Amino acid sequence: MSKLETYSVHIVEHFGLARFFHTVHGSAHDGTNADKPDLIAHILQAEPLDPVRTVTIGDRSHDIAGARANGIMSLGVLWGFGDRKELADAGADEIVERPSDLAAAVDRLLQDEVLSAPEGRLSCATPRRPLPVAADCREWKPS
């Protein structure tokens, strides 16, 4: 279940985080986007995000399930309500123990996505999710 958008906005403002977000998404009072997969799909449609370079960060299995349902990477965090087993069982791409380790984990996931392609090359498709097709993307090499 996703938090109500109005509640999410209140949380972000209360903790002085609003300056880090250009918008906040959540479920509506009528139940629209109440399921995490629906909410993430809505965000991917509403925002200029590249799904290949998007990571969901969450503390519960439904956060991870929402990411997987939409073909994006996920990071489970252990400073919320879920535990390591719940996040691992849900299929989190990585699990982070401390907030101070979060940025490095995101960097690893994004780098691994590029480097996991055969021969260290970006391919036009991976088993996990399609990559956007660019001009001869098979010839791109990470620096």
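Everything numeric in this text was worked out from a predicted model, so none of it was measured.

Thoughts on the pairing of strand β1 (residues 55-58)
Now for step 1: Bridge count for β1 against strand β2 (residues 73-77) is four bridges, and the pairing is parallel. Bridge pairing in β2 links Thr56 to Ser74.

Describing the pattern of salt bridges
Now for step 1: For the structure on display, the rule yields seven salt bridges.
Now for step 2: When the shortest N-O distance is used, the salt bridge between Asp89 and Lys85 registers 2.6 Å. Within this pair, Asp89 and its partner Lys85 are both found in helix α4 (residues 84-90), separated by four residues, close to a single helical turn.
Now for step 3: Taking the shortest distance from any N to any O, the salt bridge between Arg108 and Glu94 comes out at 2.4 Å. Here Glu94 lies in strand β3 (residues 94-96) and Arg108 lies in helix α5 (residues 102-115), a separation of 14 residues in the sequence.
Now for step 4: Using a relative accessible area of 19% as the deciding quantity, one classes Glu94 as buried.
Now for step 5: A single salt-bridge network, built from bridges that share partners, covers Arg84, Glu97, Arg98 and Asp101.

Some details on the sheet that holds β2
In any sheet, the strands associate via hydrogen bonds between backbone groups, in a parallel or an antiparallel arrangement.
Now for step 1: The sheet built from three strands is open, its strands ordered β1-β2-β3 with parallel pairing. For this open sheet the edge positions go to β1 and β3, each flanked by a neighbour on one side alone. For this sheet, the mean angle separating the axes of adjacent strands, direction not counted, is 25°.
Now for step 2: Packed onto the sheet, helix α3 (residues 61-69) meets β1 and β2 and runs at close to 170° relative to β2.

Description of the side chain of Asn33
Now for step 1: With respect to the helices and strands, Asn33 occurs in the loop between α1 (5-14) and α2 (36-46).
Now for step 2: In this structure Asn33 touches Ser2, Gly26, Ser27, Asp38, Leu39 and His42, once residues within four positions along its chain are discounted.

Things to note about the environment of Gly91
Now for step 1: Mapped onto the elements of the fold, Gly91 is located in the loop between α4 and β3.
Now for step 2: Among the residues examined, Gly91 registers a relative accessible area of 21% and is labelled partly exposed.
Now for step 3: Discounting chain neighbours no more than four positions away, the residues touching Gly91 are Ile64, Arg68 and Ser74.

As for unusual backbone geometry
Now for step 1: Phi is positive for Asn33, close to 60°, though the residue is something other than glycine.
Now for step 2: Classification of Asn33 as buried rests on a relative accessible area of 15%.

Comments concerning the confidence of the model for the chain
Now for step 1: Averaged over every residue, the pLDDT of the chain is 84; residues scoring 70 or more account for 78%.
Now for step 2: The weakest mean pLDDT in the chain belongs to α5 at 87; the strongest belongs to α4 at 98.
Now for step 3: Confidence over residues 117-143 falls short of pLDDT 50; this stretch has 40 contacts with residues more than four positions distant or in other chains.

Topic: the environment of Thr32
Now for step 1: By the element assignment, Thr32 lies in the loop between α1 and α2.
Now for step 2: Relative accessible area serves as the criterion here: at 40%, Thr32 is assigned to the partly exposed category.
Now for step 3: Along the sequence, Thr32 and His42 sit ten residues apart, while their C-alpha atoms lie 9.8 Å from each other.

Reading guide: rules and limits
Residues numbered from 1 in each chain as written. Predicted model: local features only at pLDDT ≥ 70, side-chain atom pairs only at ≥ 80, totals over all residues. Heavy atoms only, no water. Pairing = 2+ DSSP bridges. Helix = DSSP H or I, 4+ residues; strand = E, 2+ residues; numbered from the N terminus. Salt bridge = Lys/Arg side-chain N within 4 Å of Asp/Glu carboxyl O. Buried < 20%, exposed > 50% of the residue type's maximum accessible area, 1.4 Å probe, protein only. Axes fitted to C-alpha atoms, helices over the stretch in contact; angles between N-to-C directions. Contact = heavy atoms within 4.5 Å. pLDDT = per-residue confidence, 0-100.

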